[in-house]
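Below are the chains, spelled out letter by letter.
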Amino acid sequence: MQQRIHFTQKLDELRMQLIRMAALTEKAVHDATRAYLENDTDLAESVVMNDAAVNDMEDAIDTFNLELLALDQPMAKDLRLIIGSMRLTVNLERIGDECVNLAHRTLFLSTRPPLPANARMERLCAHVQDMLTKAVRAFVDEDTVLAGEICAMDHTADELSLKVLKEAISTMVEETRIVERSVHVIMASRHLERIGDLATNLAEAVIFIKEGQNVKHRCKG
Amino acid sequence: MPNIKIASQSLDFHYGAFQALHQVDLNFEEHQVTALIGPSGCGKSTYLRCINRMNDLIPGARVDGRLTLDGEDIYAPGVDVVELRRRIGMVFQKPNPFPKTIYENVAYGLRVNGVKDKRVLDQSVESSLRGAALRDEVKDRLESSALGLSGGQQQRLCIARALAVRPEVLLMDEPASALDPIATQKIEDLIHELKRDLTIIIVTHSMQQAARVSDRTAFFYLGKLIEEGDTRTIFTRPRNKQTEDYITGRFG
Ligand SMILES: Nc1ncnc2c1ncn2[C@@H]1O[C@H](COP(=O)(O)OP(=O)(O)OP(=O)(O)O)[C@@H](O)[C@H]1O
Ligand SMILES: [Mg+2]
């Protein structure tokens, strides 16, 4: 099957591009969360700037996949890789968008007096980063067990973000001067929580590629 | 309960000392299209030819196990092979029309079966050509030679010839492999039409064709049935690694 060697090379290329896009997204989450926690406006601005690269990668991978479908008529696991990779890119791109949103919160909050350190937000930042890193590793290693663990981690992200909300509400009731800032903190926690959801979608796509099982909507409790 | 039209149980086939089929268990449901796929030499044609006893004439050929049509043993002593082949028609890879008129090609099977009435013959030729989606193209030249038809038309003529004797099962061995995309499309459309009345077993080397025309797919390798199942499942998430390697083009 000589002509398939070329096709196999194209699939390897597709995997490489996905890993590159995932790496860019991981960096975005890393930078956006650090910028938020450390009030680093330069870093936040760089997150906003760098998002275009993630979008470009999504377009490039889409075109690549379209050509693979049209020219190589893939079947079975190859077909699943291509469909799954489209899911991966859509979700990675959205994670990039949430990082931009988070960066905007950082930039706004930097124009106001600093709020006291928020341990829950720190945990939430670390948690969703961990989810994304694991989702990417699950894809690279085709590790569906790890992918399954990510689905379970989403609960914690939801819980943490809910606690941030409740805490913010009670501080707002006590002190009206920080209402505006607290609203932005709540929104920041939403962006993080959303990154957790999207990382879960990545994990589901990994399971789909490997096993052909659609676990979408089943993962989330 | 779907009706099992054809069933093979522990089917072995030998060409002399060479065993070409090993313990093949496979059922074919009525009104379904089953695609047989697998690399060259894996025994697809051999299996197909066992079903209508086309292998009988090969010296040293031996069939063991059981093959049934409507539950009745195809190889039982006393089976009328001519009648069996009327019920189980076959279309080959290369169109093989007789050097006769288009009309006579289609009427041939009926004449062999003793039909003489001109009206009956006319009607049957007409409906068979229609059934094979060829009538409009040839209705004004039924008395010209079949050899003047294009390859795709010849293949549909052979299908019309097979249909004329009102078979219950149609065996097709790579029926579109010598045809252009348009003629291929016509044959594939025809298969969809025909399965209302027939049970169809088709051998094809085109994965896309198998995926397009069949309800079920059976993968053969080295004379063994490796995996059989719903076509949608076989082409999206086959269970067997060899099946996956074959349909994704990573074999050998
Ligand atoms: N008449 C014969 N005598 C001896 N061996 C034969 C004969 N016909 C076929 N064989 C052998 O039996 C095996 C199966 O052949 P068969 O023609 O059934 O394969 P196939 O799957 O139809 O291949 P292809 O896709 O090339 O048509 C092959 O090893 C072939 O060499
Ligand atoms: Mg053959």
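Note: the structure precedes this text.
Residues numbered from 1 in each chain as written. Chains lettered and ligands numbered in written order. Predicted model: local features only at pLDDT ≥ 70, side-chain atom pairs only at ≥ 80, totals over all residues. Heavy atoms only, no water.

**Observations regarding empty space enclosed by the protein**
Residue and element names in this part refer to chain A.
Point 1. Under the counting rule described, the total for this entry stands at 1 cavity of 30 Å³ or more.
Point 2. Of the voids in this model, the largest cavity is the one considered here, and its volume is about 70 Å³.
Point 3. Among the elements that take part in the lining of the largest cavity, helix α4 (residues 119-141) stands out by supplying 3 residues, more than any other.
Point 4. Its residues placed into classes, the lining of the largest cavity shows 8 nonpolar, no polar and no charged. (1 Å grid on protein atoms, 1.4 Å probe; cavity = no way out; pocket = protein on both sides within 12 Å on 5 of 7 lines; lining within 4 Å. Points joined across faces, edges and corners; volume = space filled by probe spheres on them. Helix = DSSP H or I, 4+ residues; strand = E, 2+ residues; numbered from the N terminus. Nonpolar A, V, L, I, M, F, W, Y, C, P; charged D, E, K, R; others polar.)

**A short note on the side chain of aspartate 12 of chain B**
Residue and element names in this part refer to chain B.
Point 1. Within the secondary structure, aspartate 12 sits in strand β1 (residues 4-15).
Point 2. Comment: no salt bridge for buried aspartate 12; closest opposite-charge side chain is arginine 62, at 6.6 Å.
Point 3. Polar contacts involving the side chain of aspartate 12 include one to the side chain of glutamine 19, which spans 3.3 Å.
Point 4. Non-local contacts of aspartate 12, meaning those with residues more than four positions away in its chain, are made with Gln19, Leu21, His22, Gln23, Arg62, Val63 and Asp64. (Buried < 20%, exposed > 50% of the residue type's maximum accessible area, 1.4 Å probe, protein only. Lys, Arg positive; Asp, Glu negative; His and termini not counted. Salt bridge = Lys/Arg side-chain N within 4 Å of Asp/Glu carboxyl O. Polar contact = N/O pair within 3.5 Å; in protein donor to acceptor, adjacent residues only side chain to side chain. Contact = heavy atoms within 4.5 Å.)

**Overview of the pairing of strand β7 (residues 169-173) of chain B**
Residues and elements named next belong to chain B.
Point 1. Extensive coverage of β7 is indicated by the burial of 5 of its 5 residues.
Point 2. Every second residue of β7 is oriented toward a common face, with Val169, Leu171 and Asp173 on one face and Leu170 and Met172 on the other, all of them buried.
Point 3. Pairing between strand β6 (residues 88-91) and β7: 4 bridges, direction parallel. Its bridge partner being in β7, valine 91 is matched across the sheet by methionine 172.
Point 4. Both β7 and strand β8 (residues 199-203) contribute to a ladder of 5 bridges, which runs parallel. Each bridged residue has a counterpart across the sheet, and for leucine 171 the counterpart in β8 is isoleucine 201.
Point 5. With helix α7 (residues 181-194) bridging β7 and its parallel neighbour β8, the resulting β-α-β unit is right-handed. (Pairing = 2+ DSSP bridges. Right-handed = clockwise from strand over helix to strand, strands pointing away.)

Everything listed here is a matter of geometry and, on its own, says nothing about what the molecule does.
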